[in-house]
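Coordinate analysis (summary)
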Protein chains: 2
Amino acid sequence: MAKEKKLVEAITSMDVDFAQWYTDVVKKAELIDYSSVKGCMVIKPAGYAIWENIQKELDKRFKATGVENVYMPMFIPESLLQKEKDHVEGFAPEVAWVTHGGLNELQERMCVRPTSETLFCDFYAKDIQSYRDLPKVYNQWCSVVRWEKETRPFLRSREFLWQEGHTAHETAEQAEERTIQMLNLYADFCEEVLAIPVIKGRKTDKEKFAGAEATYTIEALMHDGKALQSGTSHNFGDGFAKAFGIQFTDKQNKLQYVHQTSWGLSTRLIGGIIMVHGDDSGLVLPPRIAPTQVMIIPIAQHKEGVLDKAYELKSQLEENFRVKVDASDKGPGFKFAEQEMRGIPVRIELGPKDIEANQGVIVRRDTREKIVVSLDELAEKLEEVLNTIQVDMLERARAHRDSHTVSVTTYDEFKDAIANKPGFVKAMWCGDEACEVKIKEETTATSRCMPFKQEQISGHCVCCGKEAKTMVYWGKAY
Amino acid sequence: MAKEKKLVEAITSMDVDFAQWYTDVVKKAELIDYSSVKGCMVIKPAGYAIWENIQKELDKRFKATGVENVYMPMFIPESLLQKEKDHVEGFAPEVAWVTHGGLNELQERMCVRPTSETLFCDFYAKDIQSYRDLPKVYNQWCSVVRWEKETRPFLRSREFLWQEGHTAHETAEQAEERTIQMLNLYADFCEEVLAIPVIKGRKTDKEKFAGAEATYTIEALMHDGKALQSGTSHNFGDGFAKAFGIQFTDKQNKLQYVHQTSWGLSTRLIGGIIMVHGDDSGLVLPPRIAPTQVMIIPIAQHKEGVLDKAYELKSQLEENFRVKVDASDKGPGFKFAEQEMRGIPVRIELGPKDIEANQGVIVRRDTREKIVVSLDELAEKLEEVLNTIQVDMLERARAHRDSHTVSVTTYDEFKDAIANKPGFVKAMWCGDEACEVKIKEETTATSRCMPFKQEQISGHCVCCGKEAKTMVYWGKAY
């Protein structure tokens, strides 16, 4: 019992200190450990298994749209990084530089990729000659490095895992279509698999990617009311193509520049899963992404037949579910607490009396609801319960987001909302970067996106009062 | 027709210049391209898809033995790399050093991992306390960097993709058991999936991994008679544990050092697939690893009904096979040459007369045998043909290896064999490193392994004539 209390007590309540709660969950659910390499993390089995499921599901969706996977070098020679002016300005201050290979100093230093636009462009410039070579719809799964000063597990670290798609097209229209297609794919994935509702929209020029013509984003709201940029998709137009000389002969035999896109999603999203769904007992994983969906916990497992029955159920269920038996020598209370901390969507409690009555008790992680079920109907009922959890988790996250989103028309209302009502603030904007900068300086809120679904909240910019051009989602962000 | 000839003519015959043939295949089959980053490669879709299939199959086999995937940082601080004496001596001369992060010089430089023993040890030292924490059976899929001077696609490059398993156990016996288990897993994978027969054995002390107590290897013979080390598994004993202080309290509450292993297999093996199975028409992929197993090639595809029938067959077959239709506007001869170059195990030729007769022509890539088959029995026949190809490829590779393996008892025979008979040379060895060094200097052959299946070829060392301790496979190697 002492041990059980220890496990539960160790978590700070999210209402007391959300940041500490987050760190506690990350550690206690054994997702991550700190490493001796400053700013870098060790992703432990429970954390990596979530990433593997994200990869599996996203990769399937990518390939259904014609994406092919490739692998580019992890190093970028300095001269290559410098080819696109905005891009190098955006990334050069935060890259790690390799200066020596073996015992020798390099003639030209190289950075470890912070992102691979320059490498893909360099490759495309050689590989693309004709319209027959287009489109190129390539993606790579890899790690990238950005020399951040402040780091937090999953959310911001010097090295992180991601995928980065890089495409080249004949026309501007095709590039824009692919940019939006991938943004929609990300949004559908977040909602359908991670049960995270997102706002789709376009970034302001101030917030867009270094070198992009337009950046689109999906923005999610965390439990503490802060926003998380959860995936981005960029349309580069022909800017990179001109900097790198990526040209093709079109059907009329004329030389043209390609139009390009890139899009990425990273392990940061695991931080999003934690902060959208978690509670004071730990992690809560949506069934579709949970590495283990069902934990069978035998009660009085020393009694004859209990463990046998538990394993019998496991082998019945494992064709359709990711299921485990906790047969360790810990007490049931400790096992419950551990299953809850790890966010396993349901447990099945199974004791001698249950077995006698040919029943088990399904306990939902998200609501703690207990459902007594005949063992003959277990598989059927489990499927129903897991589907319900998935749907309910999305609905709860949506309801939380909607109840933490306010519309404001005056700057006073805006400041009050940012200071006192954690969440999204919807407000009109004139389109002038000066207002965006002023808002950030005075409130710490940033423009999250100009949503595709526009609303006419008022006719005037919330900051300067001039004519408004667009409605913007604002908020504090990770 | 000009184009078709161009594709085929572009390959050097393997008998004329094997190295050039290899480079031609790698390029023409579109597996790899050179990059602007010296010594690093771009792995193109056709190459990466092979790696994805290797990953999928290996990962499944790993997990069936209890392996869990994790991710460690890509950087190793210099002081960490130096903790194990032999290890740092082995790797320090060939690592890439990061000296600056962003605009600042690092207080301590870090290398990009050439392998991750030191990172896993550093982690295990913190993470392992009790026998309850053991065994740890972790693996990671990642890229590593070794600053090679001479590079060749897949076989030797400054960055390559691999998996590295790192385990910690209570006892020396358990570590040895895991080391051998993983070697056997690699060997089975090579034979069953890649159709590459391998010799299993132990490396001599001279050839073992830097820091290992024992290194086990699987050695394959390429078409040109050179050996390829195709996977290694190391038993570290408690050497790293002592250097890093990885201790646990055992069941008697006594503090003990763990016993460790590591094992790895890399994209180098794709080079092995090419060099074991390829021919003068290009790549030949074993069906179980081929990203595309079946290419349907319509003949006279402009004629009514031909393309429709091709796509109809594709949709019938794609439940059980990885199948594509080549509906491009190239001529059939060009399509055949392309399918052959890319090593797709079978093509189905399908023309108007075939359709009329309700038949298709299956053509094997490996033997070019043509099999006319009723479309009603196509799926059944395809499965049979693909299985036969898989079996035949392994058998041919085994026959080639066996006919290129000689046993010798005198040093003159040895030198003659190495100089004039490309392949493995089996010879007895006294166990003295001096003989091994002399043999290498005088013949360029290295000891490949001391095979598990020993034979008593003679009683005397082939080099010095003293009493022999063990039979060794020798050969020139990649």
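Let us look at the structure shown here. (Residues numbered from 1 in each chain as written. Chains lettered and ligands numbered in written order. Predicted model: local features only at pLDDT ≥ 70, side-chain atom pairs only at ≥ 80, totals over all residues. Heavy atoms only, no water.)

Describing the pattern of salt bridges
Residues and elements named next belong to chain B. Tallied over the entire structure, the rule returns 74 salt bridges over all chains. The salt bridge partner of lysine 85 is aspartate 86, with a shortest N-O separation of 3.1 Å. Overall, lysine 85 belongs to the exposed group, its relative accessible area being 55%. What makes aspartate 86 partly exposed here is its relative accessible area of 36%. (Salt bridge = Lys/Arg side-chain N within 4 Å of Asp/Glu carboxyl O. Buried < 20%, exposed > 50% of the residue type's maximum accessible area, 1.4 Å probe, protein only.)

Digging into the pairing of strand 5 (residues 96–101) of chain A
Extensive coverage of strand 5 of chain A is indicated by the burial of five of its six residues. Strand direction decides the pairing type here: strand 5 of chain A and strand 5 (residues 96–101) of chain B, joined by five bridges, are antiparallel. Counted as the bridge partner of valine 98 of chain A is valine 98 of chain B from strand 5 of chain B. As defined by bridge partners, strand 5 of chain A adjoins strand 6 (residues 104–112) of chain A across four bridges and the pair is classed as antiparallel. Across the sheet, residue valine 98 of chain A finds its bridge partner in strand 6 of chain A, namely methionine 110 of chain A. Taken together, strand 5 of chain A and the strand that follows it, strand 6 of chain A, pair antiparallel across an intervening segment of two residues, in which glycine 102 of chain A is found at a positive phi of about 60°. (Helix = DSSP H or I, 4+ residues; strand = E, 2+ residues; numbered from the N terminus. Pairing = 2+ DSSP bridges.)

Quick look at the nonpolar core
In this structure, Ile54 and Phe75 of chain A together with Phe75 of chain B are the most contacted members of the largest nonpolar core, which totals 204 residues. Non-local contacts of isoleucine 54 of chain A, meaning those with residues more than four positions away in its chain, are made with Phe189, Leu194, Leu265, Ile270, Ile273 and Ile289 of chain A. (Core = buried A, V, L, I, M, F, W, Y, C linked by side-chain atoms within 4.5 Å. Contact = heavy atoms within 4.5 Å.)

So, helix 11 (residues 332–341) of chain B
All names here are of chain B. By the criterion of burial, helix 11 is predominantly enclosed, with eight of the 10 residues buried. Here helix 11 has its buried residues at Phe334, Lys335, Phe336, Ala337, Glu338, Gln339, Glu340 and Met341. Among the residues trailing helix 11, glycine 343 stands out with phi positive, at a value near 75°.

Describing the pairing of strand 19 (residues 370–374) of chain A
Across a regular strand the side chains alternate sides, sitting on one face of the sheet and then on the other. Residues and elements named next belong to chain A. Covered by surrounding structure in strand 19 are Ile371 and Val373 only, the residues Lys370, Val372 and Ser374 on the alternate face being uncovered. In terms of strand pairing, strand 18 (residues 359–364) meets strand 19 through five bridges, oriented antiparallel. The residue of strand 19 that forms the bridge with valine 361 is valine 372. Adjacent in sequence and paired antiparallel, strand 18 and strand 19 are bridged by five residues, among which arginine 368 carries a positive phi angle near 70°.

Regarding the interface of chain A and chain B
Contact residues are listed per partner, giving 50 residues for chain A and 51 residues for chain B. In total, about 4,300 Å² of surface goes out of reach between chain A and chain B, with carbon and sulfur atoms giving 62% of it. Applying the counting criterion to the chain A and chain B interface returns four salt bridges. Residue glutamate 52 of chain B pairs with lysine 63 of chain A through a salt bridge whose shortest N-O separation is 3.1 Å. (Buried area = accessible area lost by both parts, 1.4 Å probe.)

With respect to the packing of aromatic side chains
Across all of its chains, the model carries 38 aromatic pairs over all chains by this definition. Geometrically, the ring pair formed by phenylalanine 123 of chain A and tyrosine 124 of chain A is tilted, given 5.9 Å between the ring centres and 45° between the ring planes. Under the relative-accessibility criterion, tyrosine 124 of chain A is labelled buried at 0%. Ring centres 5.8 Å apart and planes at 45° place the aromatic pair phenylalanine 209 of chain B and phenylalanine 236 of chain B in the tilted group. Of the two residues, phenylalanine 209 of chain B sits in the loop between strand 9 (199–202) and strand 10 (214–221) while phenylalanine 236 of chain B sits in strand 11 (residues 227–237), which places them 27 residues apart along the sequence. When sorted by exposure, phenylalanine 209 of chain B lands in the same class as phenylalanine 236 of chain B, which is buried. Through pairs of rings, three or more aromatic residues link up here, namely Trp51, Phe62, Trp141, Tyr186 and Trp263 of chain A. In this arrangement the basic side chain of arginine 109 of chain A is found over the ring face of tryptophan 97 of chain A, its NZ or CZ atom lying 3.8 Å from the centre. (Phe/Tyr/Trp six-rings, centres within 6.5 Å; stacked < 30°, edge-to-face > 60°. Lys NZ or Arg CZ within 6 Å of the ring centre and 35° of its normal.)

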